[in-house]
Amino acid sequence: MKLGVPKEIKAHEYRVGLTPGAVREYVAAGHGVMVETNAGAGIGATDDNYRNAGATILESAREVFASSEMIIKVKEPQPSEWVQLREGQILFTYLHLAPDPEQAKGLLKSGCTAIAYETVTDAHGGLPLLAPMSEVAGRLAIEAAGSALKRYAGGRGLLIGGVPGVPPARIVVIGGGVVGTHAARMAVGLGAEVTIIDRSIPRLRELDELFEGRVRTRFSTIDAVEQEVFAADVVIGAVLVPGASAPKLVSRGMLSSMRKGAVIVDVAIDQGGCFETSHPTTHDDPTYEVDGIIHYCVANMPGAVPLTSSQALNNATLPFGLALAKKGFAAVLENPHLRAGLNVHRGRLTYKAVAESLGLPFSPIEQAAA
């Protein structure tokens, strides 16, 4: 199969769909790989690095899209990209369609087959292609919170870990999944006082054992969320409903009861955010203030550390990408985990939670593939 890797064009997105090491694996399996010039610049990979791995370098994204049977990216296609997709072409990337009706319409119109990293599953019921970026984003969330807490940034002027004789910051993590766990790990390591809120009692038990009493765990109720958020210096939004829009757990009305200068980091912003007052920001302008509360809502947080992120992502996507390159759409029909990743096929939405979030018709895969 002919694979294409365009340069990412979203603001401050430095990751790349395939590293030179991953290209070698595809070439060794008998596939052709075409990479847009300078696509790997953000991770320090030159065109020569890609040539040495067996790739062909093309001068423009248009050439890459036109000559490839499968496009491998990192972030969702932008308007100038989705108009270049075509029927029969596979797109393998993060999509996050639930809060993005325009992208959904663009993909539907193109007729392409779009497989979303974030909904591909594994034998354990996990989301193996979302997990590595969730790990990165969770860890970065605490770094971002530490910066936003500084007084010159509008924050309360707190050091996350405090110093002897001075209390540390109180950090509340809403959601005990991969993002929440890694955020808590970083916060605990810095000496913060950490509480994790989740709706799963078994997961809270696991977290209690994992952190050996170094974090507080609370079952998620309206009262619990209000109590913890009102007393927090930092609130990390780490809630995920696979494929669907994130639930709004903190309303604007709640902000007035929070500590002035407190920080919200909404890691769920890719799926619409779990705070009512959240809207996507960029690395150029990452924060804004609403009712005295600092909001950090960068939609591509892992893009700030592209070398780590690209390597981690490629490690996870490689076996799935190789399966698609070998068998094409047949791999989706044969592999239940890739089936779970299929969001759009030949003008139809094939992921129910996305269709429901967008208010558009849902088509089972069997119907869409007929």
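For every chain, the first residue of its written sequence is number 1, and the numbers climb from 1 along that sequence. In view of the model being predicted, local features appear only for residues whose pLDDT reaches at least 70, and side-chain atom pairs are presented and counted only at 80 or more, with totals across whole chains, interfaces and linings using the full set of residues. Side-chain descriptors were evaluated using all non-hydrogen atoms of the structure, hydrogens and water having been removed beforehand.

Going by an unreviewed UniProt entry, the protein carries the name Alanine dehydrogenase and comes from Bradyrhizobium macuxiense. The UniProt entry for the protein carries the following comment under Sequence similarities (unreviewed entry): "Belongs to the AlaDH/PNT family." Quoted verbatim from the Catalytic activity (unreviewed entry) field of the UniProt record, the comment on the protein reads "L-alanine + NAD(+) + H2O = pyruvate + NH4(+) + NADH + H(+)". UniProt positions are given in the numbering used here, feature names are shortened, and annotations may be inferred rather than shown by experiment.

K.L.:
Help me understand the UniProt feature "active site" (unreviewed entry) in the protein in this model?
P.N.:
In the numbering adopted here, UniProt assigns the feature "active site" (unreviewed entry) to His96 and Asp270. Taken together, the annotated residues stretch across 175 residues yet fold into one region, lying no more than 6.2 Å apart by C-alpha. Numbering of helices and strands runs from the N terminus; a helix is a DSSP stretch of H or I covering at least four residues, while a strand is a stretch of E covering at least two. Mapped onto the elements, histidine 96 comes out in the loop between β5 (90-93) and α5 (101-110). For histidine 96, a relative accessible area of 9% translates into the label buried. Histidine 96 has contacts with Lys75, Gln103, Glu118, Asp270 and Gln271, leaving out every residue within four places of it along the chain. Mapping aspartate 270 onto the fold places it in the loop between β11 (263-266) and β12 (287-290). Here, residues are in contact when the closest pair of their heavy atoms is within 4.5 Å. In this view, aspartate 270 contacts Lys75, His96, Pro99 and Ala299; residues no more than four positions away in its chain are not counted. As used in this structure description, the phrase polar contact means that two N or O atoms lie within 3.5 Å; if the pair is within protein, one of them must be able to donate a hydrogen and the other to accept it, and residues adjacent in sequence are counted only when both atoms belong to side chains. In terms of polar contacts, aspartate 270 uses its side chain to reach the side chain of lysine 75, at 3.5 Å. Think of it in three bands: residues with accessible area under 20% of the maximum for their type are buried, residues over 50% are exposed, and the middle band is partly exposed, with areas taken using a 1.4 Å probe on protein chains only.

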